[in-house]
Each structure stands twice: as structure tokens, then as C-alpha cells.
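Structure at a glance
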Amino acid sequence: MVADDGHLAYQLFDAGGALERWVRYPGVPEDETPPLYFVRSADPRVRKVDRWDGSILARVTVARSLKVDSATREFDMRAVSGPRTVLRVRLDGDEASESEIARASRPDVEEEFHFAALPRGRVAYSDTTAYRIKVTDPAGRVDRVLVRSFAARNWDDRTARAFREHLRRGIEEAVAGQGDRAELVGMFGGPSALRQLADEWEPEGSIPHVSGLETTWDGNIWALRTPARGFIDVDHVGMLMTAMLSTPTGLTAAGPGPIDVITPEGEYLGTIPDSRLPSAFGPGGLAAYVQLDELGVPTVVVKQVPGGIR
């Protein structure tokens, strides 16, 4: 976000939720921001905390420009694919710095790109539709690739039609309610415009084998596989809200689908069938899931993960 003096900055809050201080990117005033800038969101799928050293990991898959008319609330947003990197952001004192720690093999494509922090400054990420999870060393070099030999999965008419129906269902649920979700749909041209986009959606490339990636406090990797129907449940309206409002509004745990549990060294610990990827992990095998009730109010449910697959 932008501080009062026009510089790009992070806000840090204390445990009680009060603003503690601003951490600024030095020498980057708002009027000198490039026309296309990296998208960093509060969406937990694209911004995570390295629990071992306290830094922030930010996934950058799109560059965009956004201009909003404060009077009419009309906006113009343009986006391009790339560079598909993972940045480590450190907040030291009153200044922030960042460094690239992972980069996709194809920075210009729009395929799936998932990542998670590992102990000792390493990162696990998946950057193609194949089941290939790369593990970096602290310098960002790939030193291990975890592979499962699944055949490529192609979209067919039935799967594409089911996904369009999934998109339309999310739009209908948003406009049926009140508040921010319905208002956001209006900002994007109303339900008819979004329904048209859903109806005109066409698949590109193959169906990805990996649909999500997280790591536990024990340092193991949880890889969410795409289920047989070809896609997982994603709250697309909630994702738009987090992109626009920079708050994790309306996001639920991703899934359901089979989840492979693997060590960074490649040891397979097991598969959890038809499960949702936790919104967050805690110490001692705890896993937290964010659920929304019929009024859209989030609730956090905490479960205990069995010791053998942590």
C-alpha cells in the first residue's frame, strides 16, 4: 500500500491489531511506480510467512496497472502474465527489502504456480501442469525435483462445461447475498457480464496435477492433487475481493482432492483422500480451516493431524 508521504510500504500490526509502524520501500514514491507493477495480495495462496525465519514469501505471477476514479469508482485495470517468481521480503527496522528465491521455468505462461516455505531458507514449488515439485537450496537453486509419473490430463467438453457451471454458481451465490460480494460483482459490470465471461471461458493447456502446496511445522510438503473431475472448488469472487481489498475476505481452504504428504527429500508418507488443504498449520500437528456460513461469516476450525502423516 501507499504511505502518507507517497512511498510504497507495508503496515505492521501488534498482537492486539493496532498499527505498530510503517515499513517503507526506500526511494519508491507513488508517482514513480512503473505503469505495470507486480501484484502482491493478501490472498494466502500468493503470500505466506516463512515460519522459520519470519520473512514474507510473495508469489508474483501477474503484473498489472490499476487506475481508479475516486468520484465515479470506475477503474481501468490491465494485466500481463509473468514473471512467475517467488520473492523473499524482509522487514528490517523501518525499511523493506526483497530478493528472488525461485523462478518458474516458463515465466510467460499462465499455468499453475504453487509454493511453500521449507526450513533453512529453502522453498518447494510447482510451476507446470506435470507432477514435478522443485525444492530449492537457500540460494534459490533447484537441488531436488520430486516427481510422480502421471499421464497428462487434457480438458474434454464435459469437464469444461462442469467448470463453467462452477464459475456461474459462484456468481449466483455472490449476487444472492448482500454487502461487499454483491457490490464487487457490480464493479465488474454486474452479474450478466460475469456470467458471459464464465460462459465464454475456454480451457488452455492441460489440467494441472498439482492444485495447491503447503508445508507443515515439521517441514513436510502437502501437495493437493486435482481431483478426477478436473478442478477443485475455488472461491473466485473471494479471490477478486482479496485482490481488490488486500484482505483475506471470503477465502476458504482449497479442495477437496487427494493430498500427498512428502518429505523434502522425497520420502512418500501417504495420501489423504478427498480432503481440503488447510488454511494454516500450527505446531504439534494442528491444522486450521476457514469455513464460511450461510451469511458469509468466517469460522476457524482447528483439527489434529495424525502423527504418521504430519
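On a predicted model such as this, the values are computed, not experimentally measured, just so you know.

Turning next to unusual backbone geometry. In this structure, the amide linkage connecting G255 to the following residue, P256, adopts the cis form with an omega of -5 degrees. As for its placement among the helices and strands, P256 is situated in the loop between α4 (236-245) and β16 (257-262). Its identity as a non-glycine residue notwithstanding, R120 has a phi of 60 degrees, on the positive side. Residue placement: R120 occurs in the loop between β8 (114-117) and β9 (123-126). The residue D274 is not glycine, and still its phi comes out positive at about 45 degrees. Tracing the backbone through its elements, the reader meets D274 in strand β17 (residues 268-275). Residue class for D274 comes out exposed when judged on its relative accessible area of 65%.

The next subject is the pairing of β17. Across five bridges, β16 lies against β17 in antiparallel orientation. Counted as the bridge partner of G257 is S275 from β17. In this structure, the hairpin formed by β16 and β17 is closed by a connection of five residues, where G266 is found at a positive phi of approximately 100 degrees.

Any pair of aromatic rings gets described here by the distance separating the centres and the angle formed by the planes. Applying the stated rule across the entire model yields seven aromatic pairs. Each ring, one from F113 and one from Y125, has its centre 5.9 Å from the other, and the planes form 90 degrees; the classification is edge-to-face. Of the two residues, F113 is situated in the loop between β7 (95-103) and β8 and Y125 in strand β9; the sequence distance between them amounts to 12 residues. When its relative accessible area of 2% is taken as the criterion, F113 is described as buried. On the basis of relative accessible area, Y125 is assigned to the buried category, the value being 2%. Aromatic side chains F163 and F231 sit 5.1 Å apart centroid to centroid with 65 degrees between the ring planes, which places their arrangement in the edge-to-face category.

The next subject is the confidence of the model for the chain. Of all residues in the chain, 77% attain a pLDDT of 70 or more, and the chain-wide mean is 80. In this model, residues 1-7 is a region of pLDDT below 50 whose contacts with residues beyond four sequence positions or in other chains number 20 contacts. Taken together, the stretch residues 27-37 has pLDDT below 50 and engages in 22 contacts with residues farther than four places along the chain or on a different chain.

Next up on the list: the environment of F281. Note that F281 resides in strand β18 (residues 280-281). Expressed as a C-alpha distance, the spacing of F281 and T215, which sit 66 residues apart in the sequence, is 7.9 Å. In this structure F281 touches R51, E214, T215, T216, W217, W222, L286 and A287, once residues within four positions along its chain are discounted.

Our next topic: the pattern of salt bridges. According to the stated counting rule, one finds 14 salt bridges in the structure shown. The shortest N-O distance in the salt bridge between R88 and D53 comes to 3.4 Å. Residue R88 is located in strand β6 (residues 75-92), and its partner D53 is located in the loop between β4 (47-49) and β5 (56-68); the two are separated by 35 residues in the primary sequence. The class of D53 is partly exposed, set by a relative accessible area of 35%. Notably, a salt bridge pairs D127 with K134, separated by 3.2 Å at the nearest N-O pair.

Okay, the packing of helix α1 (residues 157-176) against helix α3 (residues 190-200) next. Taken N-terminus to C-terminus, the directions of α1 and α3 make an angle of 170 degrees; their axes are 8 Å apart at the nearest point. Here α1 is positioned roughly antiparallel relative to α3, judged by the angle of their axes. Read as a crossing pair, α1 and α3 show a hand that is right-handed. For the pair α1 and α3, the contacting residues are R164, L167, R168, I171, E172 and V175 in the first and P191, L194, R195, A198 and D199 in the second.

Within the fold, R90 resides in strand β6. The sequence separation of R90 and S55 amounts to 35 residues, and the corresponding C-alpha distance is 5.1 Å. Not counting residues within four places of it along the chain, the set of residues in contact with R90 comprises D53, S55, E95, A96 and S97. A distance of 3.3 Å separates a polar atom in the side chain of R90 from a polar atom in the side chain of D53.

One open sheet accounts for four strands, arranged β14-β15-β16-β17; its pairing is antiparallel. Whereas interior strands pair on both sides, the edge strands pair on one side only; in this sheet they are β14 (210-215) and β17. Here the average twist between neighbouring strands, direction ignored, is 20 degrees.

Read from one edge of the open sheet, three strands run β18-β19-β20, paired in antiparallel fashion. Edge positions in the sheet fall to β18 and β20 (298-304), since each of these pairs with one other strand and no more. Note that β18 and strand β19 (residues 286-292) share two bridges and pair antiparallel. Pairing of A280 across the sheet is with A288, part of β19.

Reading the values: the criteria
Residues numbered from 1 in each chain as written. Predicted model: local features only at pLDDT ≥ 70, side-chain atom pairs only at ≥ 80, totals over all residues. Heavy atoms only, no water. Helix = DSSP H or I, 4+ residues; strand = E, 2+ residues; numbered from the N terminus. Buried < 20%, exposed > 50% of the residue type's maximum accessible area, 1.4 Å probe, protein only. Pairing = 2+ DSSP bridges. Phe/Tyr/Trp six-rings, centres within 6.5 Å; stacked < 30°, edge-to-face > 60°. pLDDT = per-residue confidence, 0-100. Contact = heavy atoms within 4.5 Å. Salt bridge = Lys/Arg side-chain N within 4 Å of Asp/Glu carboxyl O. Axes fitted to C-alpha atoms, helices over the stretch in contact; angles between N-to-C directions. Parallel < 35°, antiparallel > 145°, perpendicular 65-115°, else oblique. Left-handed = near helix turned anticlockwise from the far one by under 90°. Polar contact = N/O pair within 3.5 Å; in protein donor to acceptor, adjacent residues only side chain to side chain.

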